[in-house]
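Report on the structure
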Amino acid sequence: MNTTIQALAGVMLFASASQRAAQSFTFDKAWSLAPGDRSYLTADNTQRGMAYNAASGNLLLVNRAGGVSVNKIRASDGADMGTLSLGTGVVTGGTFAANLIGVADDGAIYLGNLSAPTSPALASFKLYKWD
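Residues numbered from 1 in each chain as written. Predicted model: local features only at pLDDT ≥ 70, side-chain atom pairs only at ≥ 80, totals over all residues. Heavy atoms only, no water.

Quick word on the overall build of the protein
Basically, it comes down to this: We count a stretch as a helix when DSSP gives it H or I for four or more residues in a row; a strand needs E for two or more, and each element gets its number in order from the N terminus. For every residue, the accessible area obtained with a 1.4 Å probe (protein chains only) is divided by the maximum for its type, and the residue is called buried under 20%, exposed over 50%, and partly exposed between those limits. Throughout, a contact is declared for two residues whenever any of their heavy atoms are within 4.5 Å. Only the protein chains shown count as covering a residue, and every accessible area follows the Shrake-Rupley method with a 1.4 Å probe.
In terms of regular secondary structure, the protein is built from one helix and seven strands. Taken from the N to the C terminus, the helices and strands of the protein come in the order α-β-β-β-β-β-β-β. Residue burial in the protein is summarised as follows: out of 131 residues, 30% are buried. Looking at the protein alone, contacts between residues at least 24 apart form 33% of all its contacts between residues at least 6 apart. Total accessible area on the protein is roughly 8,600 Å²; 57% of this is exposed by carbon and sulfur atoms.

This is the structure in structure tokens:
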């Protein structure tokens, strides 16, 4: 490669990097919730996982305070939208019956427990799905 092409490539690379570095983003807090603002928001480790559901516009928060629940929070303003129906005796087992949550592109919700492989009684991993 001759030196003219190398120099031109270097200038183009520098210009490209300079343009990316010049971009800036500003984030504004839309809302906030503190421990105690709602019964399912505590200062310990009983809130486990959280996911955003683009299909509904809700945040899904896995909670173990006062029993297992998946609380729905409207992402736009923080409003309490109730809970995901877990059924009676369906979500069970593991070290924590509900631990992490995720949402697929099609809106399907997946909830997994926390299993402890050192304890055979708690070692079964379970994954639940809501369409």
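Some remarks on the sheet that holds strand β1 (residues 47–53)
What counts is decided by this rule: When DSSP finds at least two bridges between two strands, those strands are taken to pair. To obtain each axis, a line is fitted to C-alpha atoms, and for helices this fit is confined to the stretch in contact; angles are then taken between N-to-C directions over 0 to 180 degrees.
Pairing within the open sheet is antiparallel, and its four strands lie in the order β1-β2-β3-β4. Looking along the sheet, the strands with just one partner apiece sit at the ends: β1 and β4 (80–83). Averaged over neighbouring strand pairs, the angle between their axes works out to 20° when direction is ignored.

Quick look at the sheet that holds strand β5 (residues 96–103)
One open sheet accounts for three strands, arranged β5-β6-β7; its pairing is antiparallel. In this open sheet, the two strands that pair with only one neighbour each are β5 and β7 (127–130). Mean inter-strand twist for the sheet, computed between neighbouring axes without regard to direction, equals 25°.

What about the environment of Asp 106?
Keep this limit in mind: In the analysis that follows, any N or O atom pair within 3.5 Å is treated as a polar contact, provided that within protein one partner can donate a hydrogen and the other can accept it, and provided that, for residues neighboring in sequence, both atoms belong to side chains.
Along the chain, Asp 106 turns up in the loop between β5 and β6 (109–114). Between the alpha carbons of Asp 106 and Ala 54 there is a distance of 8.8 Å; along the sequence they are 52 residues apart. Here Ala 108 takes part through its backbone nitrogen, which lies 3.0 Å from a polar atom of the side chain of Asp 106.

Focus on the nonpolar core
Cut-off, in case you're wondering: Buried Ala, Val, Leu, Ile, Met, Phe, Trp, Tyr and Cys residues form a nonpolar core when they are joined through side-chain atoms within 4.5 Å.
Core analysis: the largest hydrophobic core is formed by 14 residues, its most contacted members being Val 70, Leu 86, Val 91, Ile 101, Ile 109, Leu 111 and Trp 130. Of all the secondary structure elements, the ones that give two or more residues to this core are β2 (58–63), β5, β6 and β7. The element contributing the most residues to this core is β5, with three residues. Apart from the residues lying within four places of it in its own chain, the contact partners of Trp 130 are Leu 84, Ser 85, Leu 86, Val 91, Gly 107, Ala 108, Ile 109 and Leu 111. Core analysis: the next-biggest nonpolar cluster, separate from the first, contains five residues, Tyr 40, Leu 41, Leu 61 and Ile 73 among them.

Topic: the pairing of β7
In β7, alternate side chains face the same way, and those of Tyr 128 and Trp 130 are buried while those of Leu 127 and Lys 129 on the opposite face are not. As paired strands, β6 and β7 are joined by four bridges and run antiparallel to one another. Residue pairing in the sheet places Leu 111 in a bridge with Tyr 128 of β7.

Side note on a nonpolar patch on the surface
Applied cut-off: Each patch is assembled from residues with relative accessible area greater than 30% and no salt bridge, linking like charges that lie within 9 Å and nonpolar side chains (Val, Leu, Ile, Met, Phe, Trp, Tyr) that lie within 5 Å. The rule for a salt bridge is simple: a side-chain nitrogen of Lys or Arg has to be within 4 Å of a carboxyl oxygen of Asp or Glu.
Taken together, Tyr 110, Phe 125 and Leu 127 make up a surface patch of nonpolar side chains, about 310 Å² in accessible area. Residue position: Tyr 110 is located in strand β6.

Examining the side chain of Asn 58
Position of Asn 58 among the secondary structure elements: in strand β2. Relative accessible area serves as the criterion here: at 9%, Asn 58 is assigned to the buried category.

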